[in-house]
Amino acid sequence: MATLSQSNISYEGYLKIQGLLSQQVLLTTAHDELFFIIMHQTYELWFKEILHELFEVIRCFKSQEIQRSIKVLHRIISIQKILLSKLDLLETLTTTEFATFRDSLRPASGFQSVQFREIEFLSGLKNTYFIELF
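Starting from 1, residues in each chain are numbered consecutively following that chain's sequence as written. Where local features are concerned, this predicted model is filtered to residues with pLDDT of at least 70; where side-chain atom pairs are given and counted, the filter is 80 or more; whole-chain, interface and lining totals use all residues. Calculation of side-chain values draws on the structure's entire complement of heavy atoms; hydrogens and water are dropped beforehand.

### Section: the overall build of the chain
So, step 1. A tally of helices and strands in the chain yields 7 helices and 0 strands.
So, step 2. At 18 Å, the chain has a C-alpha radius of gyration far larger than the 14 Å of a compact globule built from 134 residues.
So, step 3. C-alpha extents for the chain along the principal axes are approximately 50 × 50 × 30 Å.
So, step 4. For the chain, the residues scored as buried account for 24% of the 134 residues in total.
So, step 5. The contact rule is simple, with two residues in contact once any of their heavy atoms fall within 4.5 Å. Once local pairs closer than 6 in sequence are excluded, the contacts in the chain between residues at least 24 apart make up 57%. Elements are defined by DSSP. Helices are runs of H or I of four residues or more, strands are runs of E of two residues or more, and each kind is numbered from the N terminus. Only the C-alpha atoms count toward the radius of gyration. The rule for a globule is 2.2 Å times the residue count to the power 0.38. Burial here depends on accessible area, computed with a 1.4 Å probe over protein chains only, as a share of the maximum for the residue type. Under 20% is buried, over 50% is exposed, and the range in between is partly exposed.

### Here we look at the packing of aromatic side chains
So, step 1. The rule is short: rings of Phe, Tyr and Trp, with Trp giving its six-membered ring, pair when the centres are within 6.5 Å, and they are stacked under 30 degrees, edge-to-face over 60, tilted in between. Evaluated as defined, the whole model comprises 5 aromatic pairs.
So, step 2. When the ring of Y43 is compared with that of F47, the centres are 6.1 Å apart and the planes differ by 70 degrees; the resulting orientation is edge-to-face. In this pair, Y43 and F47 are both assigned in helix 3 (residues 33-62), 4 residues apart and thus about one turn of the helix distant.
So, step 3. On the accessibility criterion, Y43 (13% relative accessible area) is buried.
So, step 4. Aromatic ring contacts, followed pair by pair, group F36, F98 and F101 into a single cluster.

### Notes on the environment of S69
So, step 1. By secondary structure assignment, the location of S69 is in helix 4 (residues 66-90).
So, step 2. Residue class for S69 comes out buried when judged on its relative accessible area of 1%.
So, step 3. Sequence separation between S69 and E56 is 13 residues, and the spatial gap between their C-alpha atoms is 7.5 Å.

What follows is the structure, given as structure tokens:
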């Protein structure tokens, strides 16, 4: 990961807010497409954090830092709870609303999330079908 100089650091600069907010590029004029993109991008950000934490758990196991590994596993569980709670929010997008922009996304699918597959793999699900597919 890149590092920043601590001189004159700002909230916006540190978090790269402008770059982050410019990542939502719509393919249609459908009102709900922005919601859909933001939901999935935030999932991908949380997946990135879960992977970061899983690698820390692996490191802790290898160095027998049991207490630290338990703490990190609790963080992963908390993140997963957040992700599950966001399903209620995603369900506010009706099938009809999704259909207004779904065809523009083909063949893209959430099943193509590489990070999700990496989480599955690191968590023990080593399904060769998905490994070969992605």
